[in-house]
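If you want the building blocks of each chain, they are given just below.
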Amino acid sequence: MLTKFESKSARVKGLAFHPVRPWVCASLHNGVIQLWDYRVGTVIDRFEEHDGPVRGVDFHLQEPLIVSGGDDYKIKVWDYKLRRCLFTLLGHLDYIRTVQFHPNASQFPWILSASDDQTLRLWDFQKRSCLSVLTGHNHYVMCAAFHPSEDLIVSASLDQTVRVWDTTGLRKKQMGGGPENPGLLDNMHSAQSRASATALNVQAELFGSNDVVVKYVLEGHDRGVNWASFHPTLPLLASAADDRQVKLWRMSETKAWEVDTLRGHANNVSCCLFHPKHDLVVSNSEDRSIRVFDVSKRVGVQTFRREGDRFWILATHRSQNLLAAGHDSGMIVFKLERERPASSHGTVNKLYYVRGRELFCHDYARGNGNQSGVDVPIASLRRVGQQAQTDGIGSAPRFITYNQHNPSEGNVLVCSDVDGGTYELVTFSLSNASGSVTDGKRGNCLGPGVFLGRNRFAVLDRHQRQIVVKNLNNETTKRVQPPVPNVDGLLEGGASGRLILRAEDRAILFEVQSRRVLGEITAPKIKNVYWAPDGSKVAILCKYGIVIADRMLEQLCSISDNVRIKSGAWDVSPTGGTANQLFIYTTLNHVKYVLPSGDTGTIRTLDNPVYAMRVVKDQLFCLDREARPRVISIDSTEARFKLALANKRYGQVMHMVRHSRLCGRAIVAYLQSKGFPEVALHFVREPRTRFRLALACGNIEAAMESAFSLEQQNENEGKESGRDLWGELGSEALRQGNHQVVEMSYQRTKDFDRLSFLYLLTGDTEKLRKMLKISTMRNDIMGRYHNALLLGDATERVQVLEQSGNLPLAYICAVMHGLEDDAERIKVAIETNEGSVDDLLNKVGENRKGNCILQPPTPIVRENNWPTLEVQKTTLEDLSLAQPDPEEVAYNEGMIVEDAAGADDWEESGFEDAPKTSGIVPDDDDDYDFGDDGDWGDDLDDLGDLGVQEIPKEPVNEMAGLQEVSDDATFQMPAAGRPPVGCWVANSSHAADHVAAGSVASAMQLLNRQIAVSEFDVLKDNMMSCYLGSMLSVPGVPGCPSMNLPLLRNDTSGHPGSESLPRTSLKMKTLIQGVKNGYRAFQGGKFNDSKVAFQTVLQQIPFVVTETKAEGAEVKEMLEICREYITAIRVKGAMAEVAKDPVRSTELAAYFTHCNLQPVHLVLALRSAMGVAFKHKNYIAAAGFARRLLELPDMSSERNADLRLKATKVLQKSEQMARNEHELNYDESTTFTIDCKKFVPIKPGTASIQCPYSGSTYSSLYGDQTMKNKVCMTTNFTTVGVKTLGLVTGS
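Keep in mind that this is a model prediction, so the values were computed, not measured.

J.: Would you take a moment to explain the packing of helix α8 (residues 687-696) against helix α10 (residues 723-736) for this structure?
T.: Two packed helices can be described by the angle between their axes and the distance between those axes. It is the contact of α8 with α10, at a shortest axis distance of 11 Å, that shows an interaxial angle of 20°. In terms of their interaxial angle, α8 and α10 are classed as roughly parallel. For the pair α8 and α10, the crossing hand works out as left-handed. Facing Arg-688, Phe-691, Arg-692 and Leu-695 of α8, the residues of α10 in contact are Leu-725, Glu-728, Leu-729 and Glu-732. Its residues assigned to classes, the contact of α8 with α10 comprises four nonpolar, no polar and four charged.

J.: Sorry, what's going on with the packing of helix α27 (residues 1068-1083) against helix α29 (residues 1109-1137) here?
T.: Where α27 contacts α29, the two axes come as close as 11 Å, and the packing angle between them is 25°. By the angle between their axes, α27 is roughly parallel relative to α29. α29 is crossed by α27, and the crossing has left-handed handedness. Contacts between α27 and α29 involve Met-1068, Leu-1071, Ile-1072, Val-1075, Tyr-1079 and Phe-1082 from the first element and Glu-1111, Glu-1114, Val-1115, Met-1118, Ile-1121, Tyr-1125 and Ile-1129 from the second. For the contact of α27 with α29, the class distribution of residues is 11 nonpolar, no polar and two charged.

J.: Help me out: how do you make sense of helix α17 (residues 820-832) in this one?
T.: Along an α-helix, residues three or four positions apart point the same way, because every turn accommodates 3.6 residues. With 13 residues, α17 should cover 18 Å at 1.5 Å per step; its first-to-last C-alpha distance of 18 Å lies within 8% of that length. For α17, the complete set of buried residues consists of Asp-822, Ala-823, Ile-826 and Ile-830. For α17, the angular spread of the buried residues around the axis is 95°, confining them to a single face. For α17, the exposed residues set more than 90 degrees away from the buried face come down to Glu-820, Asp-821 and Thr-832.

J.: Help me understand the sheet that holds strand β39 (residues 467-471) in this model?
T.: Whether parallel or antiparallel, the strands of a sheet pair through hydrogen bonds between backbone atoms. Across the sheet, which stays open at both edges, the four strands sit in the order β37-β38-β39-β40 with antiparallel pairing between neighbours. Of all strands in the sheet, those with a lone pairing partner are β37 (450-453) and β40 (476-480), marking the two edges. Strand-to-strand twist across the sheet, computed as the mean angle between neighbouring axes with direction ignored, equals 30°. Bridge analysis of strand β38 (residues 456-460) against β39 gives five bridges, and the strand direction is antiparallel. Looking at the pairing, Val-459 lines up with Val-468 of β39.

J.: Can you help me understand unusual backbone geometry in this one?
T.: With glycine set apart, most residues show a phi of negative sign, and most peptide bonds adopt trans. Residues other than glycine seldom take positive phi values, yet Arg-288 does so here, at roughly 70°. Along the chain, the position of Arg-288 falls in the loop between β23 (280-285) and β24 (289-294).

J.: For this particular structure, what's the right way to read the pairing of strand β48 (residues 555-560)?
T.: The two faces of a sheet get side chains in turn, since along a regular strand they alternate between them. In this sheet, β48 lies alongside strand β47 (residues 545-550) in antiparallel orientation, the contact comprising five bridges. By the bridge assignment for β48, Ile-546 is matched with Ile-559.

J.: Mind showing me how you'd approach the packing of aromatic side chains here?
T.: Aromatic rings in a pair are described by how distant their centres are and how their planes are angled relative to each other. Applying the stated rule across the entire model yields 26 aromatic pairs. For the ring pair Trp-23 and Tyr-80, a centre distance of 5.3 Å and an interplane angle of 85° mean the geometry is edge-to-face. Of the two residues, Trp-23 is situated in strand β3 (residues 23-28) and Tyr-80 in the loop between β8 (74-79) and β9 (84-90); the sequence distance between them amounts to 57 residues. Taken individually, Trp-23 and Tyr-80 each receive the classification buried, so the pair is uniform in this respect.

J.: Hey, could you run me through the pattern of salt bridges in this one?
T.: Opposite charge on two side chains lets them pair, provided their charged atoms get close. The full count for this structure, using the stated rule, is 34 salt bridges. Between Asp-309 and Arg-306 there is a salt bridge, with the nearest N and O atoms lying 2.9 Å from each other. In this pair, the class of Asp-309 matches that of Arg-306, namely buried. Salt-bridge contacts for Lys-642 lead to Glu-638; the nearest nitrogen and oxygen are separated by 3.2 Å. Separated by four residues within a single helix, Lys-642 and Glu-638 lie in helix α4 (residues 637-646), roughly one turn from each other. Relative accessible area serves as the criterion here: at 5%, Lys-642 is assigned to the buried category.

J.: For this particular structure, what's the right way to read a negative patch on the surface?
T.: Together, Glu-820, Asp-821, Glu-824, Glu-831, Asp-838 and Asp-839 give the surface a local cluster of negative charge. Here Glu-824 shows up in helix α17. On the basis of relative accessible area, Glu-824 is assigned to the partly exposed category, the value being 48%.

J.: I would appreciate a short explanation of the nonpolar core in the present structure.
T.: In globular proteins that are soluble, nonpolar side chains generally tend to be buried together. Judged by nonpolar contacts, the single largest core of 78 residues is most densely connected at Leu-1007, Phe-1094, Ile-1101, Phe-1103, Phe-1185, Leu-1189 and Tyr-1253. Looking at this core element by element, the count peaks at 12 residues for α29. Leave out the neighbours within four places in its chain, and Phe-1094 touches Val-1075, Gly-1078, Tyr-1079, Ile-1121, Cys-1122, Tyr-1125, Ile-1126 and Ile-1129.

The rules we used
Residues numbered from 1 in each chain as written. Predicted model: local features only at pLDDT ≥ 70, side-chain atom pairs only at ≥ 80, totals over all residues. Heavy atoms only, no water. Axes fitted to C-alpha atoms, helices over the stretch in contact; angles between N-to-C directions. Helix = DSSP H or I, 4+ residues; strand = E, 2+ residues; numbered from the N terminus. Parallel < 35°, antiparallel > 145°, perpendicular 65-115°, else oblique. Left-handed = near helix turned anticlockwise from the far one by under 90°. Contact = heavy atoms within 4.5 Å. Nonpolar A, V, L, I, M, F, W, Y, C, P; charged D, E, K, R; others polar. Expected span 1.5 Å × (residues − 1). Buried < 20%, exposed > 50% of the residue type's maximum accessible area, 1.4 Å probe, protein only. Arc of directions from axis to C-beta. Pairing = 2+ DSSP bridges. Phe/Tyr/Trp six-rings, centres within 6.5 Å; stacked < 30°, edge-to-face > 60°. Salt bridge = Lys/Arg side-chain N within 4 Å of Asp/Glu carboxyl O. Patch = residues over 30% accessible without salt bridge, like charges linked within 9 Å, V, L, I, M, F, W, Y side chains within 5 Å. Areas by Shrake-Rupley, 256 points an atom, 1.4 Å probe, with all protein chains shown as cover. Lys, Arg positive; Asp, Glu negative; His and termini not counted. Charge placed at Lys NZ, Arg CZ, Asp CG, Glu CD. Core = buried A, V, L, I, M, F, W, Y, C linked by side-chain atoms within 4.5 Å.

Laid out in structure tokens, this is it:
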């Protein structure tokens, strides 16, 4: 038994596995229900509303529901997402032993319960009512369970019987009176029908109903029966009783009989069940043991004991090989045996593995696109040990090892854990693997065996723990004592004559011949080792981590994981630079990678565990748990990027930046941590992160761009602009000596003191005087004084001191600078205030030696900018320097080699009319600028004498033509240019530009190809508008026609010449105004006007040319708005047509609320739907609408107070009634899209088709009435179901 998880708690009485997630639910004797994640060993949640022990618990297969039953006579249904009890079912009169959801929960919302009141009950948890009471037992009913696929129920009781019940009658009754026959519900509205139904319910409550009948009564146990369960596929039953026996029963259509009795337990057997994947019965008992019996041989195959704890309950997982057992002090989750298939790498393209009892060779070289290779059977392996006569658990081979050192024949060591450890040597021919096989050479060992050379292998003696070296004849040639005690396994050593010894938490590299220890490394809980193909590195796989070391076991890196690591493989791609450098490993649910540098990452998720065998390019070859070879596609771009960065292949790095889809916060954080912010700058578009990265790599231009973007963003959001950003930018610019950026940063942050000092240092006295004026306007006394000091303006300083009341300082300053008039005036002011100036100059110390007047330096040179600190632009910063690594090119070529085979089909498929020439012949009109000759080096002037007489060049007189004018001289017309309309068609792929040029045929072709337009009459007015609005008609002289002048949209900075594009009449503001008109009409209830407005916008959108990506996104958003509102209006119209049908009108009202409307309009939709549902007594739907209505933000406003009160009352009334009068095709909790033809929900996974323009969805399940290749009902001019490029918004 392999224990995967163990918990400590009160006595566990009930267990249930979640069908998908790694959860197990345990109900305890103290009344608590615990929800555990057994993969990480943590409690997710606790439910504590039961009073007394909780004996039964079960998960719903599809909904987030748990059902529990306890000694408080209550059945509770919980929602583990909402983390609360939804409702309680009352009816049992004694302890409830077990509860279970129906296996087909989507069709039958039933709960089965068994109780000490000697009855079983069937409940409908949707209607929250009891369907049937099953009476017949005359003692406590200890358990009850549904059959996995048939209409049967089994129950076990202390009256020593097992009963099998037939629920066919109840199923037919429920299906007949359910949603498939609504007429039956309508007929029951009469008083007579209601009275009879009430009488039937009372009769069923008192005496039990005849909808469920007893099919068999199985008698054979001598004491009370504690448990009974069905076989998942065969007509078998297993029962466990207090007579210490497990009995097997077989059923037929008419009878059931005892098959055999399984003995072995020494106390009451509390539970038993069939294993879901193997032909086994597992039982547990109060004798503190779990026993496993072989059903076919009817013998016990395994026994697991636990000292001190009695076992009470067992549970199995529906899809995985997991079991759980509850005991007195908690529970355990365990497997009966390991599921990893034994496998080993052979020669270059071969894998050897065991499936069942067969040894196979999987040849990768013979694989194709659909298969990883071909399986060749080698030999059948014999059963060994005490379980040789059974297919019992634990007897399968655990390890196999292939002899890589023998090129002449194949040798495989097959090792298992049977009887303490055994091995078998299989020898076969490599040329004819299944032809001649030699086996029978067996022995005892501990763990796997290892080949040391061409004809030697080593095993570990399980008694003396010695290394035993044997030849291929299974003869012992040497015994070697390990260098350390407690060695428990031998692993591959990576070279001939070497072993890795596993001893506790250490791996020791040992050379057998010389008996030397070559290396040692610490690694906890070692499972296996994987050597790189060139033997330079080894990956040591541990239970929760991986250690990568070199060939001498010197550690390169070590990583840990939160979940168990299953397997691993080195990349063996011949190109790409990842061979021997990239290690791929798998966990329970992920494929991950690790590099020798220690970098790790996740590649993809897994639905089921697999075991990696080989990695080539972006393909992972693996085995699943059934030992079936599989190929999984992986994307190792991130790993190759990190590897190139670590190996300093910067050209390859930038090539991958340009051509790969590398993005995400993880890759940006990685680049920052590794000191490559300039690389991360290529990925990031978020302004704040981009600003930080730009500062880190000293890119002032990028930092300024991001700072402006953030400032604009803050202004739009009404926030304060960030002073810190400009401060940081100014500091970096000052470090580089770029004082112009420093000046702008100080101006943005209004740091006037630093700005003044900057102007002093740069000698910009004009701006320094402006700073003086600014400080005067701001009434900043200190700023004004400092600016005056920096300017050397003594008069201004005196004025500042005088105005601030510092008259003595003003007087001293005036005297020291020879301002006699100012000094005299200030003296009078001081004496007027009864002061004296006699001692002021003495305080200054005028006669002190070395005193001088402080004056600012005179600028000598004034430059626009100082010589800035040059920041070299590295390869990692300049995309133009991206050079693909030669191995990267070969890697990419290898990835598309499969596609190259289809390249020949291009000529037949799309170019039948093209002339087949050996090269590319450009048209005469095309201007192909191939540049100069560059570095080709084919200078034709140095070819020497070619045998041709060189004609000397005579000097040309450029004025000769003007001196002699012949009589027949004629005027040469200049070459004609291209008309503007011709340029428009050539320069744009937008239909509006083609219409403006008058090329309606090409415009119609573009519209058909891009958005599948088929009804062009609808677009006629907009096409005429585009054509007429692109030209300006100017009247000429009398008698001459008017001149047509083109209106261009790209002539703001000058005439664009041949790059001209027309100005179109339809703009973004036209669409915005149309959408507003639609909103206004919708709000006022004028649905026809609103529909016309939105359809007009739909017709105008294909002829609007956007200038930026933001505008393009806005146009597509308006397209979605129009689609949603038109669909909503059509649903509203359909509601009016079926107003008398309560079911359909309620459904349409519900669908109406799922259109993506504005919040103010959604309030109206929900109000209408709530009223319709409540009026037709569909209270569950009405409660959902009222709840959604109350959750809207607009409901908190005062104008919606009355509606809020009304919705609250509807919600209260609906929760009291809690029933739908009619069966509705609507589930609020399920996501769906609306079929724009039938107005029914299309659930995820259902086949559907879409309009390529509007995105309107239609179901594909209508047969002849399908909408494929028909006109969309939303747009009225596009074809449904055609795969196209989609709307083109820019030119």
